[in-house]
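Chain by chain, the residues:
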Amino acid sequence: DTISVWKLNTHFRDTAPDVVTMPQHFKANGYHTEAIGKVLHNYGAKQKDDELSWSTPARLDKISHFKDYAQDSNIPKGSAKKTIVAEKPVNEDHAYVDEKITKDAVETIKRLAEQDVPFFLAVGFMKPHSPYNAPKEYWDLYQREDMKALCSETRPEGVPDLNWWDSIEIRGFTDIPDKGSIPPETAARMRHGYYAATSYADANIGKVINALETSGAADNTIIVFWSDHGYHLGENGHWAKVTLRELDAQAPLLISLPSKESANTNAIVEYIDLYPTLSELCSLPQPTDIDGKSFVPVLENPKSEFRQTALTQVCRPWSPNAPIEIMGYSIRTADYRYTQWIDHNSKAMISEELYELEKDPFQRVNVAKMSESSDTLFTHRALLNSANSRN
């Protein structure tokens, strides 16, 4: 809401032209900044990179997920957007863009480590985004009969239609039915491919980290691993993302600090908090006019608390060319997820959801209308209003 970017085809420079991005902040404070791969969502025909953020033009940033196949027969031809949903190559030839991104990143780290200038390097891998493609060796790590959904594959009752999304990302593949349930054998192949693609991403990340260690710069470098969202693989009858449900909203975050021992934390943080956190860790001036706050105290003491809530937001319809009619806001607290769907014009609440995650981790039972939840519902309504007021 702060910068009015609600869909992927809106560039933040069009709605908030004067904002200073995280790499731009580092660049302004003496860092050399580079981007390789999918860092900004800018591979669309009308999208552009952000020249102010980088010391040199971004590379390998215009390749679509949906054309990243190893076998020529599977690459979409002409106006066709997609072909099969998961590709297991018949040989060991590796032709995916992530290997090109890895090769570039390895070479870049070696080059930057030899320079007497601190660097900020963003490396954006494509996998495991659909299509679920990976070299054969990563498919061979798994047995397909082990590929199960984490919970029931039926749609739960009491969940508004607004929060049950029949992903057009998945329905657009030629081997996925246009509507209705996905055949079990196809679903198992999709999960198999997703696991393979995840291990493929893990291997590429390992090569980048090994390059950093070989370069001699690892002892003076912070590494952040993060993703842009969580994911469903058939749980609750849902595939992909774009819901306000736990599996979509919760995403990975790992930070490696030189000389720090490993630890886990239950503290609630948001991705917007990375900007001020990295600025503090690198002794840069704190950025202004941002919503995030530094979670360095959590890194120093993993048992400390940080935020009371984390906010997630999506719009309906999701189609990039359709005007927004409804906005969904969801907060995660220590024990609950609470969601409101709001008319975008009148601001009237259309529906709400409340889930007790310890008892119901996959949000099968919406307790918002249960009388015994009235106090919790009232509290979370206030917390959501507070979370929105941060913006």
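Here, the structure is the one placed above.
We now turn to the structure provided with this report.

The rules behind each value
- Residues numbered from 1 in each chain as written.
- Predicted model: local features only at pLDDT ≥ 70, side-chain atom pairs only at ≥ 80, totals over all residues.
- Heavy atoms only, no water.
- Axes fitted to C-alpha atoms, helices over the stretch in contact; angles between N-to-C directions.
- Helix = DSSP H or I, 4+ residues; strand = E, 2+ residues; numbered from the N terminus.
- Parallel < 35°, antiparallel > 145°, perpendicular 65-115°, else oblique.
- Left-handed = near helix turned anticlockwise from the far one by under 90°.
- Contact = heavy atoms within 4.5 Å.
- Nonpolar A, V, L, I, M, F, W, Y, C, P; charged D, E, K, R; others polar.
- Polar contact = N/O pair within 3.5 Å; in protein donor to acceptor, adjacent residues only side chain to side chain.
- Salt bridge = Lys/Arg side-chain N within 4 Å of Asp/Glu carboxyl O.
- Buried < 20%, exposed > 50% of the residue type's maximum accessible area, 1.4 Å probe, protein only.
- Phe/Tyr/Trp six-rings, centres within 6.5 Å; stacked < 30°, edge-to-face > 60°.
- Lys NZ or Arg CZ within 6 Å of the ring centre and 35° of its normal.

**Comments concerning the packing of helix α3 (residues 97–113) against helix α6 (residues 184–215)**
And then number 1: At a minimum axis separation of 9 Å, α3 and α6 run at an interaxial angle of 15°. With respect to α6, the element α3 is oriented roughly parallel. The chirality of how α3 crosses α6 is right-handed. Contact with α3, carried on its side by Asp-98, Glu-99, Thr-102, Ala-105, Val-106, Ile-109 and Ala-113, involves Tyr-200, Asn-204, Lys-207, Val-208, Ala-211, Leu-212 and Ser-215 of α6 and no other residues of that element.
And then number 2: Split by residue class, the contact of α3 with α6 holds eight nonpolar, three polar and three charged.

**Considering the side chain of Arg-307**
And then number 1: Its location among the elements puts Arg-307 in the loop between α9 (296–300) and β7 (310–316).
And then number 2: Within polar-contact distance, the side chain of Arg-307 engages the side chain of Asp-273 at 2.6 Å.

**Section: the pattern of salt bridges**
And then number 1: Enumeration according to the criterion identifies 18 salt bridges in this entry.
And then number 2: Asp-104 is the partner of Arg-59 in a salt bridge, and the nearest nitrogen-oxygen pair spans 2.9 Å. With a gap of 45 residues between them, Arg-59 in the loop between β1 (32–37) and α3 and Asp-104 in helix α3 connect regions that are remote in the sequence.
And then number 3: Overall, the relative accessible area of 23% leaves Arg-59 in the partly exposed class.
And then number 4: Since its relative accessible area comes to 15%, Asp-104 is described here as buried.
And then number 5: Where Arg-381 meets Glu-352, a salt bridge forms, and the shortest distance between an N and an O atom there is 2.6 Å. Separated by 29 residues along the polypeptide, Arg-381 in helix α10 (residues 374–389) and Glu-352 in strand β10 (residues 349–356) bring together distant segments of the chain.

**What to know about the packing of aromatic side chains**
And then number 1: In this structure the tally under the stated criterion is 12 aromatic pairs.
And then number 2: Relative to Phe-120, the ring of Phe-26 has its centre 5.1 Å away and its plane inclined at 50°; by these criteria the two rings are tilted. In this pair, Phe-26 sits in helix α2 (residues 22–28) while Phe-120 sits in strand β2 (residues 119–124), placing the two residues 94 residues apart along the sequence. For the pair formed by Phe-26 and Phe-120, the shared burial category is buried.
And then number 3: Connected via pairs of aromatic rings, a cluster forms that spans Phe-26, Tyr-31, Trp-54 and Phe-120.
And then number 4: Cation over ring: Lys-82 sits above Phe-66, and NZ or CZ is 4.4 Å from the ring centre.
And then number 5: The ring centre of Phe-306 lies 4.8 Å from the NZ or CZ of Lys-293, which sits over that ring.

Everything listed here is a matter of geometry and, on its own, says nothing about what the molecule does.
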